[in-house]
Structure formats: structure tokens, C-alpha cells
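Analysis of the macromolecular model
Here is what each chain is made of, one letter per residue.
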Amino acid sequence: MRRTERPIPQPGLLEIALYQGGVSNLDGRQNVVKLSSNENPLGPSPNAIAAFKETADSLHRYPSTDHLGLRTAISDVLNLDAERIICGAGSDEIIAFLCQAYAGPGDEVIHTEHGFSMYRISALAAGATPVEVREDNRVTDVDAILMAVTSRTKLVFIANPNNPTGTMVSIAELTRLADGLPNDVILVLDGAYAEFEPGYDGGASLVDTRSNVVMTRTFSKVYGLGALRVGWGYGPREIIDVLHRVRGPFNLSSAALAAAEAAMLDTDFTRQCLDQNAQDRAHLTKGLRAIGVECDDSYTNFVLARFDSPEIAKACNSALNADGLIVRPVASYKLPHALRITIGKTEDCARVLRCITSFMASQNA
Ligand SMILES: *Cc1c(COP(=O)(O)O)cnc(C)c1O
């Protein structure tokens, strides 16, 4: 092997564009409202905070390696097989495990046009080649995905509902996708926002009836625990077994495990958050449309507001910032004319609407 002048990273790594999180502050401004990362404005369940604090007394102890308490809570609440649940440091880690375990140099990993950036990042980190497939007016296009499958395809990632579009496809479409894929291609259904659509199981029923479908979920959105990094995956036994082999034994802290377990069990609190979100989202969507700002029906805790041009979107973002409101420009998701607005507290949504209303009025003046 030829020696080089300096250490050389693995192929693909330098192609990774660093993940851009939502901005949290504005220069020199107090009291900003952060609506840029789809966090729960009501925070986590009070039970989760109490459970987190209780772990302070045993910080010298290593955490559980099998995550039994959390897996059991998930299994009880969502009626899933606890043996086929794997927990990760955010669902990001489950996405990384899947790429690391099933894709490498020469392999292809499919994601969609406006798909979550971690799919591409994790594919590249594993040395594989990300393949982007177009969407149909901001909606996952099953036929386009099936057409993009080659003999090299190993994984297909779709978020349903999707981020940053907020749209979703039906279980019938997901089933058609699962049935159309070769048996050795894993379909990953990222259910980060699954809770927000009443009655949707995130694809768990498809996981239960297929040998190549995996669902990922997170505690970062409706459960309000983004700070603690807890996510999980649900899949066929063989795949989960493989993922456990690449998982670090202590990948979740005791505090994270305890808080997530309590959050999962507090179904009343979750229901309250979902109800409030649905109400505020409907109000914001209706208000935006009334002033000529287009948005698709959202199945999540955010709304994607579309403007006539990237310039107008930028100007609107500046107007929001000037009012202390931080939303998410999504040009890096190929939506330069749009802003993603997290559903905040009711009064925050009202402020956003007031600000965009006066911005639009100034545009039309
Ligand atoms: C927020 C989000 C996640 C969750 O990531 P965590 O690592 O669990 O915080 C996963 N997928 C999508 C599409 C998301 O928007």
C-alpha cells in the first residue's frame, strides 16, 4: 500500500456537508422564540423531568445495556414486540447503524429530494453512495423510488410524514413500495412525526409482516426530549440482531433512559400536546393561506410556508428575525422559496402570523 504525506480519511467522508441545526439565538436579542427545530413548545412530561432528576443520585453507575425498562414501556404503550426494539442516541443513531451495517463502498442508499439530511450523511459516512429521488410536488413518489432501485441498492429511507415538507403518503402507498422492493433491500420508515397523525402506526404493521422493513422513531419531537438524544428502531429480529452488534453497549445514559420511559408512559400528556398542536397548526395553516402564503396540509408539528420566490422567502425570514422569531430556511433541502415554521405555543403562532401578515402587506404595497 502506497504511503501518503498525511492521514487520509475514508472515501466519501469529505463529501459530507456538516448538518445544519436550527438556529437558537439572534445576535444581541433576548426573548427570542425558537421555531426552527420542531421541538415541543410544551416541553416534556413533568414525569420525565422528575425521572431525569432522580437519576442524579446514581451517576457513578453505568447505565443499562439492554434498555429493558424503556423497551418494555414502548412495547406496552404501542403494542409492539419488545424483543424487536433497539434504542439509540436519537433516531439519528439508528439511521447510522442501518447504514453502517447494511451499506458500504459501491452500495447505493436511496433518499428523496427533500428528505432528511441525516440519510445522506450516514450513507456517506458508511462509504456508500446516496441516491436522490425526486418527489412529486413535495410528496414521496413511490414509483420514482422503485424506478431508481438498482442491483446496488441496499437501503431506502423515507420519512413519513416527511420533514421539511410535512406531507405524508398512505399505508397503501407504503405497502406498494415495500412490495415493489427486492427482498434484500431494507425499507426504512422514519416515523419521527408519526405520532402527529392520529391512527397512523408509523409503519409498524408493515414491519410485522415483512422481513425487510424497519421503522425508526424518536423522543425528540412530541415527547419533548431532544436534549437527551433518545430514539429507537423496530424491525425484523435478524436485522435488529445485526444492529445490536454495531451498537455501543452504553449508548444511552441512565438519565435519558429514565426520562424517555416516563415520557412514553405519560400518554395523557402526549395526547394533550398532540391536541394542542393540531389546533394551532390548523389555525396557522388557515391564516397563512388567507394572506396568500401557500402551504400543504401538514401531518406534523410544523408548517412549510411557500413564497413566490427565494428572495421573498429570505426577506420574510429577515422580518421574522427582526421580530425575535426564528424559523427554518430550507434552501439546503431544495426548497429555497420556503420557510419551515415549527408549531410553537399558541401565542407564538399568533405572533408569527401577525408578522408574516404585515410582511405580505408590505410586499403588496
Ligand atoms: C427530528 C427528526 C429525526 C429525529 O432525530 P433524533 O436523532 O431522534 O433527534 C429523525 N428524522 C427526521 C425526519 C426528523 O425530522
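Note that this is a predicted model, so its numbers are computed, not measured.

Per the secondary structure count, the chain includes 12 helices and 12 strands. A compact globule built from 365 residues would reach a C-alpha radius of gyration of about 21 Å, and the chain, at 21 Å, matches this within 12%. Taking the principal axes of the C-alpha coordinates as reference, the chain spans close to 65 × 50 × 50 Å. Residues counted as buried form 53% of the 365 residues belonging to the chain. Sequence separation of at least 24 residues holds for 74% of the intrachain contacts in the chain that already meet a minimum separation of 6. Summed over its atoms, the accessible surface of the chain is roughly 16,900 Å², and 51% of this surface lies on carbon and sulfur atoms. Between the mean site of the 34 positive side-chain charges and the mean site of the 43 negative ones, the chain shows a separation of 5 Å.

Where burial is concerned, most of strand β9 (residues 302–306) is hidden: 5 out of the 5 residues are buried. With burial as the criterion, each face of β9 is covered, one bearing F302, L304 and R306 and the other bearing V303 and A305. Here β9 runs beside strand β12 (residues 335–342); their pairing, made up of 5 bridges, is antiparallel. Counterpart to A305 in the pairing with β12 is L339.

Turning to the state of the cysteines, a few remarks are in order. Here the structure, examined in full by the defined rule, presents 0 disulfides. As a non-bridged cysteine, C99 has C87 as the owner of its nearest cysteine sulfur, 19 Å distant. Between C349, a free cysteine, and C295, which holds the nearest cysteine sulfur, the sulfur-to-sulfur gap is 12 Å. C349 sits in the buried class, given a relative accessible area of 6%.

This part covers the pattern of salt bridges. Counting across every chain of the model gives 18 salt bridges. The partner of R245 in a salt bridge is D241, and the shortest N-O contact between them spans 3.0 Å. Remark: D241 and R245 occur in helix α8 (residues 237–246); sequence separation between them is 4 residues, near one turn of the helix. Taking the relative accessible area as the measure of exposure, R245 reaches 64% and is therefore exposed. Put simply, D81, R84, D208 and R237 are held in one network by salt bridges that share partners.

With that out of the way, let us pick up unusual backbone geometry. The amide bond that connects N160 to the next residue, P161, takes the cis arrangement and shows omega of -5 degrees. Positionally, P161 belongs in the loop between β5 (153–159) and α6 (171–180). Phi at N79 is positive, roughly 60 degrees, even though this residue is not glycine. Checked against the element boundaries, N79 lands in the loop between α2 (68–78) and β2 (85–88). Judged by relative accessible area, N79 falls into the exposed class, the value being 68%.

Before going further, it helps to spend a moment on the packing of helix α1 (residues 46–54) against helix α9 (residues 254–265). Following both chains from N to C, one finds α1 and α9 inclined at 155 degrees, their axes separated by 7 Å at the closest point. The angle between the axes of α1 and α9 places the two elements in the roughly antiparallel class. Relative to α9, the crossing made by α1 is right-handed. When α1 is examined against α9, the residues N47, A48, A51 and F52 are found in contact with a partner set consisting of A255, A258, A259, A262 and A263. Of the residues assigned to the contact of α1 with α9, the class counts are 8 nonpolar, 1 polar and no charged.

A word on the domain arrangement of the chain. If you check the domain split of the chain, you get domain 1 (22–43 + 268–364) and domain 2 (46–265). A straight line from the C-alpha centre of domain 1 to that of domain 2 covers 26 Å. Contacts between domain 1 and domain 2 engage 24 residues on the former and 26 residues on the latter. Of the roughly 2,100 Å² buried at the junction of domain 1 and domain 2 (both faces included), carbon and sulfur atoms supply 59%. Our enumeration of links across domain 1 and domain 2 arrives at 2 salt bridges. Between E132 and K334 there is a salt bridge whose closest N-O contact spans 2.9 Å. Counting every contact that joins domain 1 to domain 2 gives 8 residue pairs in polar contact (both at pLDDT 80 or more). Those elements that place two or more of their residues in the side of domain 1 that touches domain 2 are α10 (267–290), β9 and β12. The element contributing the most residues to the side of domain 1 that touches domain 2 is α10, with 6 residues. Tallied by class, residues from the side of domain 1 that touches domain 2 come to 9 nonpolar, 9 polar and 6 charged.

What counts, and at which threshold
Residues numbered from 1 in each chain as written. Predicted model: local features only at pLDDT ≥ 70, side-chain atom pairs only at ≥ 80, totals over all residues. Heavy atoms only, no water. Helix = DSSP H or I, 4+ residues; strand = E, 2+ residues; numbered from the N terminus. Rg over C-alpha atoms; globule rule 2.2 N^0.38 Å. Buried < 20%, exposed > 50% of the residue type's maximum accessible area, 1.4 Å probe, protein only. Contact = heavy atoms within 4.5 Å. Areas by Shrake-Rupley, 256 points an atom, 1.4 Å probe, with all protein chains shown as cover. Lys, Arg positive; Asp, Glu negative; His and termini not counted. Charge placed at Lys NZ, Arg CZ, Asp CG, Glu CD. Pairing = 2+ DSSP bridges. Disulfide = S-S within 2.5 Å. Salt bridge = Lys/Arg side-chain N within 4 Å of Asp/Glu carboxyl O. Axes fitted to C-alpha atoms, helices over the stretch in contact; angles between N-to-C directions. Parallel < 35°, antiparallel > 145°, perpendicular 65-115°, else oblique. Left-handed = near helix turned anticlockwise from the far one by under 90°. Nonpolar A, V, L, I, M, F, W, Y, C, P; charged D, E, K, R; others polar. Domains from an automatic or database assignment. Buried area = accessible area lost by both parts, 1.4 Å probe. Polar contact = N/O pair within 3.5 Å; in protein donor to acceptor, adjacent residues only side chain to side chain.

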